[in-house]
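Here's the letter readout for the chains.
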Amino acid sequence: MIRCPRCAGVLDARSFTCGGCGLDPAREAWVDLEPTDTVESYFDPLEFRYRYGAEQRHYWHRARREILLEVFRQRVPPGSRVLEVGCGCGHVAGSLARQGYRVWGADLSAHALEWAGRQGLERLVRASILQLPFEEEFDAVCAFDVLEHIPDHRQALAGLARAVRPGGQVLITVPAHPRLWGSWDRMQRHVRRYRDTDLTDMLREQGLEPVLVRQFFAALYLPALASAVFDRLAGGAQRREPPFELHHAMWDPPLVGRLAHALLALERQRIHQPTRARGTSLLAVANKPASASVQGEPGAPSRSSASTPHRSRP
Ligand SMILES: [Zn+2]
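Glancing now at the environment of Gln-188. Looking at the element boundaries, Gln-188 is found in the loop between helix 6 (183-187) and helix 7 (196-205). Considering only alpha carbons, one finds Gln-188 and Glu-148, 40 residues apart in sequence, at a separation of 9.7 Å.

Rendered as structure tokens:
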């Protein structure tokens, strides 16, 4: 179900128009639900032109994409309806679409969606992760390296959990280890990094059942730790990184890039196994229980117990 952002009535799933209040969002390349979030102000339109190319080529992004595709191959049946929130320029969503998933992309930034429009997605929606209009709509809902940007990440996760149907899955990646905090996080405008337990607890708070929470990008852990220690010694915590610094940090020297990509992409084969190895990123896959009464306390009368059990879409 898709809710009207203006009156909370039910939107027509095809036209996105609202019979209640008459909302008729502009939709050419994407449906514009006109989010009221102001995070947009820190995204520079020119930055996306740069990001589109960098995220396509850079070893970190290529390796992460291959790992995520492997996670989907093993856990999400082809043809599933997938929503990627914070899809940015849409490289991950586009890769999933080319694997046969029916992918919707959502992002706060119109500039990002302009680029994502090249990826052949089923639908693009301009919406805030804090005001997602979807209820039990998708088989899988994902946010890859998004929550660490959001001050109220619990509300964001609640929106993701709401958007997935009972029996569906939520897939998340975030940066791992608060101790690795450094200039990279400031450049990317992160507000935090995560312990495994932080993410597990948050997923459970939303009634989700974590089935896999593990770190990856083990090869980057020691370099990242060294960089974070150096950054702290240099008093970096007080520094504000100008956005153009990001361009230098995303530098991808051909030989080193190829080596780094090979090393990181190796983890793809074992991504389904829990590991104690430390890595710079954290992956979580969680199931939304098929019973509709996950919000109720065990034994307590549940609000939803009187309603008919939810059935997945035909
Ligand atoms: Zn309405």
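Text resumes after the structure shown.
This part is about the confidence of the model for the protein chain. On average, residues of the protein chain carry a pLDDT of 86, and 87% of them reach 70 or more. Below a pLDDT of 50 lies the segment residues 294-314, which in the model reaches 17 contacts outside its immediate sequence neighbourhood of four places, other chains included.

Note on sheets: strands pair through backbone hydrogen bonds, and any given pair is parallel or antiparallel. As summarised here, the arrangement of the eight strands in space is 1-4-3-2-5-6-8-7, forming an open sheet in which the pairing is mixed. A single partner strand is all that each edge strand has here, and the edge strands are strand 1 (31-32) and strand 7 (209-216). Pairing between strand 7 and strand 8 (residues 281-287): seven bridges, direction antiparallel. Bridged to Phe-216 within strand 8 is Ser-281. This element, helix 3 (residues 91-98), spans strand 2 (81-85), strand 3 (102-107) and strand 5 (138-144) of the sheet and lies at about 170° to strand 3.

Within strand 2, five of the five residues are buried, leaving the element largely enclosed by the surrounding structure. Residues Arg-81, Leu-83 and Val-85 line one face of strand 2 and the alternating positions Val-82 and Glu-84 line the opposite face, and both faces are buried. In terms of strand pairing, strand 2 meets strand 3 through five bridges, oriented parallel. The residue bridging Val-82 from the neighbouring strand is Val-103, located in strand 3. Read from strand 2 through helix 3 to strand 3, the crossover connection turns out right-handed. In the sheet, strand 2 pairs with strand 5 via three bridges, with the strands oriented parallel. If you follow Glu-84 over to strand 5, its bridge partner there is Cys-142.

Attention now goes to the nonpolar core. Of all hydrophobic cores here, the largest spans 78 residues; its most connected members are Val-141 and Leu-160. Not counting residues within four places of it along the chain, the set of residues in contact with Val-141 comprises Leu-83, Val-85, Leu-160, Ala-163, Val-164 and Val-170.

Before going further, it helps to examine unusual backbone geometry. A positive phi angle, near 50°, is found at Glu-136, a position not held by glycine. Relative to the assigned elements, Glu-136 resides in the loop between strand 4 (123-126) and strand 5. Overall, Glu-136 belongs to the partly exposed group, with 18 C-beta atoms counted inside 10 Å. You will see that Asp-145, though not glycine, has its phi angle at about 55°, which is positive. Residue placement: Asp-145 occurs in the loop between strand 5 and helix 5 (153-163).

Contact geometry for helix 2 (residues 59-75) and helix 3: axes closest at 10 Å, N-to-C directions at 40°. Taken together, the axis directions place helix 2 and helix 3 in an arrangement best described as oblique. Crossing handedness for the pair helix 2 and helix 3: right-handed. Contact residues: His-61, Arg-65, Leu-68, Leu-69 and Phe-72 in helix 2; His-91, Val-92, Ser-95 and Leu-96 in helix 3. Of the residues belonging to the contact of helix 2 with helix 3, the class tally is five nonpolar, three polar and one charged.

Calculation rules
Residues numbered from 1 in each chain as written. Predicted model: local features only at pLDDT ≥ 70, side-chain atom pairs only at ≥ 80, totals over all residues. Helix = DSSP H or I, 4+ residues; strand = E, 2+ residues; numbered from the N terminus. pLDDT = per-residue confidence, 0-100. Contact = placed C-beta atoms within 7 Å. Pairing = 2+ DSSP bridges. Axes fitted to C-alpha atoms, helices over the stretch in contact; angles between N-to-C directions. Buried ≥ 20, exposed ≤ 12 C-beta atoms within 10 Å, placed from the backbone. Right-handed = clockwise from strand over helix to strand, strands pointing away. Core = buried A, V, L, I, M, F, W, Y, C linked by C-beta atoms within 7 Å. Parallel < 35°, antiparallel > 145°, perpendicular 65-115°, else oblique. Left-handed = near helix turned anticlockwise from the far one by under 90°. Nonpolar A, V, L, I, M, F, W, Y, C, P; charged D, E, K, R; others polar.

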